[in-house]
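# A closer look at the structure
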Amino acid sequence: QVHLAESGGGLVQAGGSLRLSCTAASGSFFSISAMGWFRQAPGKERELVARTVSGGSTIYADSVKGRFTISRDNAKNTVYLQMNNLKAEDTAVYYCNMQGGLSSLADFTSWGQGTQVTVSS
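Let me sum up the structure you'll find in this document. (Residues numbered from 1 in each chain as written. Predicted model: local features only at pLDDT ≥ 70, side-chain atom pairs only at ≥ 80, totals over all residues. Heavy atoms only, no water.)

This structure, assessed with the given rule, holds one aromatic pair. For the ring pair Phe38 and Trp111, a centre distance of 5.0 Å and an interplane angle of 65° mean the geometry is edge-to-face. Here Phe38, found in strand E4 (residues 31–40), pairs with Trp111, found in strand E10 (residues 107–111); they are 73 residues apart in sequence, far enough to count as distant. The ring of Trp111 carries the charged tip of Arg46 above its face, separated from the ring centre by 4.7 Å. (Phe/Tyr/Trp six-rings, centres within 6.5 Å; stacked < 30°, edge-to-face > 60°. Helix = DSSP H or I, 4+ residues; strand = E, 2+ residues; numbered from the N terminus. Lys NZ or Arg CZ within 6 Å of the ring centre and 35° of its normal.)

If you want it as structure tokens, here you go:
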């Protein structure tokens, strides 16, 4: 449906920072109502990390509150995840997620390809 391109993962020491970015391909949708980040660690279920909706409200997983910040640039169709004070337990594949409407008036939900974040202790 809508292609999402992620970037910004990598290897970092505990206490370090990374910023993830995710951009939706322009021209393929009419509107984006929600943007979010999920993560999946080996052997675990995919979980919500942070999410923001078009009205501006945001939610965070308890485990990342005070350390991670989600933001969006509507002009660039991009969502960011600033991750500070990273911990070993933050190690996972991070996926961005967007929901919105297509020009055909159908709804869409799209996922990025995933980017690996590895935090060494």
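Okay, the sheet that holds strand E8 (residues 78–83) next. In spatial order, the strands read E1-E3-E8-E7; together these four strands make up an open sheet with antiparallel pairing. With one partner strand each, in any of the chains shown, strand E1 (4–7) and strand E7 (68–73) form the two edges of the open sheet. Direction aside, neighbouring strands of the sheet carry axes that sit 15° apart on average. Note: strand E3 (residues 18–24) against E8, six bridges, orientation antiparallel. Pairing of Thr23 across the sheet is with Thr78, part of E8. (Pairing = 2+ DSSP bridges. Axes fitted to C-alpha atoms, helices over the stretch in contact; angles between N-to-C directions.)

Let us now look at the nonpolar core. Within soluble globular proteins, side chains that are nonpolar generally end up buried alongside one another. With 30 residues, the main nonpolar core has Trp37, Val49, Phe68, Leu81, Met83, Tyr94 and Met98 as its most contacted residues. Listing elements by their share of this core, those giving two or more residues are E3, E4, strand E5 (47–53), E7, E8, strand E9 (92–101) and strand E11 (115–120). Those residues in contact with Met83 that lie beyond four places of it in its chain are Gly16, Ser17, Leu18, Leu20, Arg67, Phe68, Tyr94 and Val117. (Core = buried A, V, L, I, M, F, W, Y, C linked by side-chain atoms within 4.5 Å. Buried < 20%, exposed > 50% of the residue type's maximum accessible area, 1.4 Å probe, protein only. Contact = heavy atoms within 4.5 Å.)

Attention now moves to the pattern of salt bridges. Applying the stated criterion across every chain yields a total of four salt bridges. With a shortest N-O distance of 3.0 Å, Lys65 and Asp62 are connected by a salt bridge. As far as the burial class goes, Lys65 and Asp62 line up, both exposed. Close ionic contact of Asp90 with Arg67 constitutes a salt bridge, the shortest N to O distance being 2.8 Å. Linking Asp90 in the loop between E8 and E9 with Arg67 in the loop between strand E6 (58–60) and E7, this pair joins segments that are 23 residues apart in sequence. Comparing Asp90 with Arg67, the two get one shared label, buried. Overlapping salt bridges bring together Arg39, Glu47, Arg67 and Asp90 as one network. (Salt bridge = Lys/Arg side-chain N within 4 Å of Asp/Glu carboxyl O.)

Right, let's get into the pairing of E3. Most of E3 sits inside the fold, with five of its seven residues counted as buried. Two elements, E1 and E3, share four bridges in a ladder whose sense is antiparallel. Within E3, the residue paired with Ser7 across the bridge is Ser21.

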